[in-house]
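This is what each chain is made of:
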Amino acid sequence: MTNPVLVELTRGGLVESAHMGTLVLARPNGEHIIALGDIARPIFPRSAIKALQALPLIETGAAERYGFGDAEIAIACASHSGTAAHADLVASMLASAKLDASALACGAHAPTHEASARALAAADGQYTALHNNCSGKHSGMVCTCAHVGDPVQGYLDVRHPHQQRIARVLADFCGEGFSSARYGIDGCSAPNWAIPVAHLAKAFAVLVSGEGLSPARRAATHRIAKACMARPDMVAGPGRLDTNAMTALPGKVFMKTGAEGVYCGAFPDQGLGFAVKIDDGNKRAAEAVVAGLIQRLYPAAGTFGAIGTTKNWVGTETGETRISMELTRAIAQIH
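What this report covers is the structure whose coordinates are included nearby. This structure is a prediction, so every number in the text was calculated from the model and none was measured.

## Regarding helix 10 (residues 215–230)
An ideal rise of 1.5 Å per residue puts 22 Å on 16 residues; helix 10 measures up with 22 Å between its terminal C-alpha atoms. Buried within helix 10 are the following residues: R217, A220, T221, I224, A225, A227, C228 and M229.

## A short note on the packing of helix 5 (residues 84–96) against helix 7 (residues 135–148)
Relative orientation of the contacting elements helix 5 and helix 7 amounts to 5 degrees, with a least axis distance of 10 Å. Overall, the two elements helix 5 and helix 7 adopt an arrangement that is roughly parallel. Contacts from V90, M93 and L94 in helix 5 reach S135, G136, S139, G140, V142 and C143 in helix 7. Its residues placed into classes, the contact of helix 5 with helix 7 shows 5 nonpolar, 4 polar and no charged.

## Notes on the pattern of salt bridges
One pass over the structure, following the stated rule, counts 13 salt bridges. Across the pair E8 and R322 runs a salt bridge, and its minimum N-O distance is 2.9 Å. Pair noted here: E8 is in strand 1 (residues 5–11) and R322 is in strand 12 (residues 317–323), with a separation of 314 residues, a long-range link. Between R217 and D172 there is a salt bridge, and its shortest N-O distance comes to 2.8 Å. Of this pair, R217 sits in helix 10 while D172 sits in helix 8 (residues 161–174), and the two are 45 residues apart along the sequence. By relative accessible area, D172 is classed as exposed at 54%.

## Considerations on unusual backbone geometry
Unlike most non-glycine residues, R46 shows phi in positive territory, near 50 degrees. Position of R46 among the secondary structure elements: in the loop between strand 4 (42–43) and helix 1 (50–53). Residue R46 is classed as partly exposed on the basis of its relative accessible area of 21%. A positive phi angle is found at K98, which is not glycine, with a value near 60 degrees.

## A closer look at the pairing of strand 3 (residues 32–36)
Pairing of strand 2 (residues 14–26) with strand 3 involves 4 bridges; the strand directions are antiparallel. Paired with V24 across the two strands is A35, which belongs to strand 3. The turn joining strand 2 and strand 3, which pair antiparallel and follow one another in sequence, is formed by 5 residues; a positive phi near 95 degrees is taken by G30.

## Digging into the environment of H19
Here H19 lies in strand 2. With 14 residues separating them along the chain, H19 and V5 place their C-alpha atoms 5.4 Å apart. Setting aside residues up to four positions removed in sequence, H19 forms contacts with P4, V5, L6, V7, L9, I278, D280, N282, R284 and A285.

## Considerations on the packing of aromatic side chains
Given two aromatic rings, their pairing is described by the distance between the two centres and the angle made by the two planes. Per the counting criterion, the structure on display carries 6 aromatic pairs. Plain terms: the ring middles of Y183 and W193 are 6.2 Å apart, the flat faces sit at 45 degrees to each other, and that makes the pair tilted. You can see Y183 sitting in strand 5 (residues 183–185) and its partner W193 sitting in strand 6 (residues 191–193), a full 10 residues away along the chain. Connected via pairs of aromatic rings, a cluster forms that spans F178, Y183 and W193.

## Some remarks on the side chain of N282
With respect to the helices and strands, N282 occurs in the loop between strand 10 (272–278) and helix 13 (283–297). Polar contacts involving the side chain of N282 include one to the main-chain amide nitrogen of A285, which spans 2.9 Å. Ignoring anything within four residues of it in the chain, the contact list for N282 reads H19 and G261.

What counts, and where the lines are drawn
- Residues numbered from 1 in each chain as written.
- Predicted model: local features only at pLDDT ≥ 70, side-chain atom pairs only at ≥ 80, totals over all residues.
- Heavy atoms only, no water.
- Helix = DSSP H or I, 4+ residues; strand = E, 2+ residues; numbered from the N terminus.
- Expected span 1.5 Å × (residues − 1).
- Buried < 20%, exposed > 50% of the residue type's maximum accessible area, 1.4 Å probe, protein only.
- Axes fitted to C-alpha atoms, helices over the stretch in contact; angles between N-to-C directions.
- Parallel < 35°, antiparallel > 145°, perpendicular 65-115°, else oblique.
- Contact = heavy atoms within 4.5 Å.
- Nonpolar A, V, L, I, M, F, W, Y, C, P; charged D, E, K, R; others polar.
- Salt bridge = Lys/Arg side-chain N within 4 Å of Asp/Glu carboxyl O.
- Pairing = 2+ DSSP bridges.
- Phe/Tyr/Trp six-rings, centres within 6.5 Å; stacked < 30°, edge-to-face > 60°.
- Polar contact = N/O pair within 3.5 Å; in protein donor to acceptor, adjacent residues only side chain to side chain.

What follows is the structure in structure tokens.
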């Protein structure tokens, strides 16, 4: 099926670009408040599911053993910007388990935060795996392995006990939408399983509500969501939508971006989870969809610059970024 247009960019009164995609807003029981596009087609959720991938860090007792608080748990769920604060926190997590950056198999890249990258270069510093946006997730993985006695080396192999732990978590939360045979390799070299948008939205509704979970698992998911909402600065970074929205709406929005136009999250006080996939992988379009949801539920919060007037380098208005009429009508149904 052809997915609907969710986001449009205009210039000179004409639509210059249009982004099609899928969106589901769901309750923990699977009821769909919004269902647009081919919601049954498996997509790679990429980094948007890091909160689920971090669940074994809590459930095995690793986080408790190493004294991890909100900041450490949040960065284990993060696609951080590589600031000094981010890199230092990851290094501290590793040291708690008597490990260092050499244990991380995510690869190294410069900080995505431009000021941090410039500062590192000016100091003749070398970027390392600590600066990788996924280093928090990987630190959570290797710390869990160290805690339970699994080999740290090879921890990204899909057959490794820790990746199998994560696969079981995804199967529990995504049900029949999950297949352990349907996976690819993420940018950070970790396995990434393909899951339909509908099942991802339900999974995030369950994650924040705890509905249907055992008391122990409910406590674990609550701890993860609470940590991310308490330390949104560790989940993303300066000027980024995840950090800005969770800072502006403490306890009301839990959200995580993923590569290639994916977003997952939830509105804890509403008991709703959401998942977005933009067909062409456009990040600005995915952010606009999420901003549209937030604006509907919390009008006073604004749109964080993801929707509205666009300007060129000298400040001249050139057009606007807007959600489509079909998406506008769907969002209007949220009560």
